[in-house]
Structures are given as structure tokens and as C-alpha cells.
Amino acid sequence: MAKKEPEQVNLIETFKDFKETKNIDRTTLVSVIEDSFRSVLQRTYGSDENFDVIVNPDKGDFEIYRNRTVVEDSAVKDTNKEISLTDARKIDEDYELGEEVSEKIDFAKFGRRTILTLRQTMAGKILDLEHDNLYNKYADKVGTIISGEVYQIWKREMLILDDEGNELILPKSEQIPGDFFRKGETARAVILRVDNLNNNPKIILSRTSPDFLRRLIEHEVPEINEGLITIHKVVRIPGQRAKIAVESYNDRIDPVGACVGVKGSRIHGIVKELHNENIDVINYTNNTRLFIQRALSPANISSITLDEERRKAEVYLQPDQVSLAIGKNGDNIKLASMITEYTIDVFREINGNEPEEEDIYLDEFKDEIEPWIIDAIKSIGLETAKSVIAAPRAMLVEKADLEENTVDDVLRILKAEFEEYDEPTPQE
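Residues numbered from 1 in each chain as written. Predicted model: local features only at pLDDT ≥ 70, side-chain atom pairs only at ≥ 80, totals over all residues. Heavy atoms only, no water.

Peer 1: I'd love a proper account of the layout of surface pockets, names of residues and values included.
Peer 2: Over the atoms, a rolling probe the size of a water molecule traces out where space has been left empty. One number sums up the size of the largest pocket: a volume of about 500 Å³. E130, H131, L134, N166 and E167 are the residues nearest the centre of the largest pocket, which is lined by 20 residues in total. When contributions to the lining of the largest pocket are tallied by element, the ones reaching two or more residues are helix 4 (112-139), strand 6 (157-161), strand 7 (167-171) and strand 9 (200-206). It is helix 4 that provides the largest number of residues to the lining of the largest pocket, a total of six residues. Residues belonging to the lining of the largest pocket are distributed by class as follows: seven nonpolar, seven polar and six charged. (1 Å grid on protein atoms, 1.4 Å probe; cavity = no way out; pocket = protein on both sides within 12 Å on 5 of 7 lines; lining within 4 Å. Points joined across faces, edges and corners; volume = space filled by probe spheres on them. Helix = DSSP H or I, 4+ residues; strand = E, 2+ residues; numbered from the N terminus. Nonpolar A, V, L, I, M, F, W, Y, C, P; charged D, E, K, R; others polar.)

This is how it looks when you write it as C-alpha cells:
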């Protein structure tokens, strides 16, 4: 039968393992190991005040010495801190009363259970320390981009390892539609947040966050880091369309041109990273009307009526410009509302620049249309009856996630309301 390895040897191997695999500095490691030993000594002897614990993690070994005062044989009251003259002279016959005896402790004699407890205590403290270090490292990096190796792919999330082997999580909900990674590939994402439930940090990444696009732009446009251009706001419908509002503090610098680059050289790599997400870069301005006009590009706006208190804007356009303002699946008007922080309603013009007859907000139809259907339509940026009538039917089905017959019923109800306005009022 093979001879069992002494417990002390096992402890030394444990130290070596910590030294070689744990990302902890030497001073902190020594402190953790010493505290673990002193915790065991306190439980065993009642006090650790008279013990010297010497740890050398570089060599992977340790020594423990107990210091006791020599007293008369009959005067020993605390066997942990005092030793009789007879026992002291068994160690060295030259000891005299009042001297201090420093005796090396053979920790292996403490027993298997005590040593196992020590190892568990030490491993727990090291793990807590690692978690603290990991949390502090990434809590300071929230909002920055990180690259890592795809290690594991599951249905709901993907595991990425950083260059130190730390585990990072990229949930499916934070992945761009069209993202497809293989194990071993490099993935880039922004650090979204760091959860720390029960001191167990979990680093959450995102590729759909506006901050991801913001950091990509900052990386590609040196004028931003130099303070010549400021990004005021970024809004996205991940994988489909985004709008970025930028401003230059130098009259000689065109912020839009600088961000896009010559022939799109600066924006092209970003668009590719985001799976052909259409990126609109617009000039920021404090002029609300002008900002809304720019946000609705490429549509040409005829006139805008603002309700600043309610942060609502009524935009009037020629009939052929309405679909451009709304955009595919309502993306353009939704992003324009997000970046300007105004609810935007679009109206067709008739007779030149004169607006159509008064529109009606969808909420007025709650007696005929179920509230949840109205909320679904409003969620894609359409809040009035005429904006819904003007919107492509396919957009209402796909973007608002409504059944075709439901959309047809809504359109029938809304159109009937305006047809009533055209009929003569019955005489009583």
C-alpha cells in the first residue's frame, strides 16, 4: 500500500497552488495565510498572542513558534503562555526562571480535521479576496470596451474569458441580432454592469448598449479624444439603425464628416462590427426645431409645431416624405423621438403648405380599440390616428407585433372617424 503524504506536505502544496494560480500579490497572500493560521491557533489554544507565524509563499513553506515564560513548576497557571522550569529544561537545560522559551510547533500533529479546517478557511479567504479584486477591477471599467475569447456558448448567454482567464457573461438579450460566434473566436463588447450578489461578482457585457457604439466611435475618431468633437447622445435599434448627435467646438471641423471619414472610412468598420447597422450621424444643435428636422433626415420637413411643456412635436410633410420620416418599421421616427426626447407625430400636408384637418390622439379611441393594442402602436412612435393611417401596414404588423386582422380592424376604425368628418351633419 502506498504511503500517505503527510498533511503538512499537503498544506505546502496548497500554498504553492495559491502562489501559482491566484492573481493575488505576495503581501496580501502572506497576510491571508497568517490570518488563517491564527484563526486555528485561537480555536486550539484560546489565544494566538504568543505565537509567531512565519510564512514564505515563495518557497511554499511555513513555521510556527509558541513563546512561553519559564516559571516554577508549581506556579504554572496558563499552560499556553507559561512553561514549568522542568519542562523548559527538557528542551534546553540552560533555561532559567523568567526566560522566554520559543518552541517550534509541529502543525502536522494538530490532526487531520484541524488541518482540513485550516485549508478550507484559507481557500475561502483567498476566494473572497479574488472576488473583491475582480469586482473592484471591473466596477471601475463599466462603460468601456473589452475583448475576450469565446469559451462557451449556451442558448441564453455566452461565456467569454479575458486575458487573465476571468469569466465574463454576454447574455443573448445583449447580443445584436445576427451575432454569430464560434468557440475560440474573439468577441468585443462593452462592460454593461457588475453584479455582486453574495460577494460573487458577475461581469455582464453588452453589444446592444448605446455605449458600445459610443466607444467604437471614440476609438475611430481621434478628434473626440482630443476634445474637438463631443458626442451628445447615441440611440440605437440594435442591428437595424442608430443615430448619433455630435458637435464640434472648432468651426474648421465638420463633426459629421470627421465621424464618417473620407468615403466612410471611419464608420465602415463600425457598421461591419454591428452587422450593417445603419448609422446616421447628425449635427447637434440647441435649436429644437432644427434638431428635430435633422433627426428626421432624410425626410424634408415643411413645418414643425412644438409643445415644449409636453415635449411633443407635430411635423408636417409632403405626402412623398411621410414614409421617409417614419422609416422602415418605424425606426426613423422612433430614433428621432429618442434622440430629441420629443414625442413626434407626422402629418401629411394638403393644398401646399396648409396642414390637414385636426388629427386625433389614439387614446381617444379606447372605447373602440383595446388599450393594449393602442399601447403596442404607441410603442413604435405612432400616437395619432393619421400617423397610423399613414404608416405602412406591414410596419404595424411586424413592429407593433399585431395580427393582420387586428391591424385591419384598427385602420378601419380610424379611417371611419375621418370619413364621418366629411359627411354633412344631420339636421334635427
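Peer 1: Run through the side chain of T208, naming residues and quoting values.
Peer 2: On the secondary structure map, T208 appears in the loop between strand 9 and helix 5 (210-220). Classification of T208 as buried rests on a relative accessible area of 14%. (Buried < 20%, exposed > 50% of the residue type's maximum accessible area, 1.4 Å probe, protein only.)

Peer 1: Lay out helix 2 (residues 26-45) in plain terms, naming residues and giving numbers.
Peer 2: Here helix 2 is 20 residues long and its end C-alpha atoms lie 28 Å apart, about the 28 Å a rise of 1.5 Å per residue gives. Taken as a whole, helix 2 has its buried residues at L29, V30, V32, I33, S36, F37, R38, V40 and L41. Following helix 2 by one or two positions, G46 has its phi on the positive side, about 90°. (Expected span 1.5 Å × (residues − 1).)

Peer 1: I'd love a proper account of a negative patch on the surface, names of residues and values included.
Peer 2: A cluster of acidic residues, D92, E93, D94 and E99, forms a negative patch at the surface. In this fold, D92 is placed in the loop between helix 3 (85-91) and strand 4 (100-104). The partly exposed category is assigned to D92, whose relative accessible area is 35%. (Patch = residues over 30% accessible without salt bridge, like charges linked within 9 Å, V, L, I, M, F, W, Y side chains within 5 Å. Areas by Shrake-Rupley, 256 points an atom, 1.4 Å probe, with all protein chains shown as cover. Salt bridge = Lys/Arg side-chain N within 4 Å of Asp/Glu carboxyl O. Lys, Arg positive; Asp, Glu negative; His and termini not counted. Charge placed at Lys NZ, Arg CZ, Asp CG, Glu CD.)

Peer 1: Any details on the pairing of strand 10 (residues 229-237)? Residues and values, ideally.
Peer 2: Within a regular strand, the side chains alternate between the two sheet faces. Taken together, the eight bridges between strand 10 and strand 11 (residues 241-248) define a ladder with antiparallel strand orientation. Each residue of the ladder has a partner; that of I237, found in strand 11, is R241. (Pairing = 2+ DSSP bridges.)

Peer 1: Could you give me a rundown of the pairing of strand 2 (residues 61-71), with the residues and numbers involved?
Peer 2: The pairing of strand 1 (residues 51-56) with strand 2 spans six bridges and is antiparallel. For N56, the partnering residue across the bridge sits in strand 2 and is D61. Of the pairings in the sheet, the one linking strand 2 to strand 4 comprises five bridges and is antiparallel in character. Residue T69 lies in a different strand from strand 4, and its bridge partner there is E100. Two strands pair when backbone bridges link them, and strand 2 and strand 3 (residues 82-84) are joined in this way by three bridges, in the parallel orientation. What sits directly across from T69, in strand 3, is E82.

Peer 1: Give me the lowdown on helix 8 (residues 265-273), citing residues and values where you can.
Peer 2: Of all the residues in helix 8, the buried ones are I267, I270, V271 and E273. The buried side chains of helix 8 occupy one side of the element, clustering within an arc of 155° when seen end-on. In helix 8, the exposed positions angled more than 90 degrees off the buried face are occupied by H268 and K272. Where helix 8 is buried, its residues contact strand 8 (186-197), helix 5, helix 7 (255-260) and strand 12 (278-283). Looking one or two residues beyond helix 8, the residue adopting positive phi is H275, at roughly 60°. (Arc of directions from axis to C-beta. Contact = heavy atoms within 4.5 Å.)

Peer 1: Pulling in residues and values, what's your account of the nonpolar core?
Peer 2: One broad rule of soluble globular proteins: the nonpolar side chains tend to lie buried together. Grouped together as the largest cluster of nonpolar side chains are 50 residues, with contacts concentrated most on I344 and L396. Per-element accounting of this core gives the leading share, six residues, to helix 15 (residues 404-422). I224, A258, V271 and V281 belong to the second largest nonpolar core, which has 22 residues in total. (Core = buried A, V, L, I, M, F, W, Y, C linked by side-chain atoms within 4.5 Å.)

Peer 1: Summarise the pattern of salt bridges; cite the residues concerned and give the values.
Peer 2: Scanning all chains against the criterion turns up 28 salt bridges. Notably, a salt bridge pairs E223 with R266, separated by 3.0 Å at the nearest N-O pair. Taken as a pair, E223 in helix 6 (residues 222-225) and R266 in helix 8 lie far apart in primary sequence, 43 residues in all. By relative accessible area, which is 22% here, R266 ends up partly exposed.

Take it as geometry only, folks, not as evidence of what the structure does.
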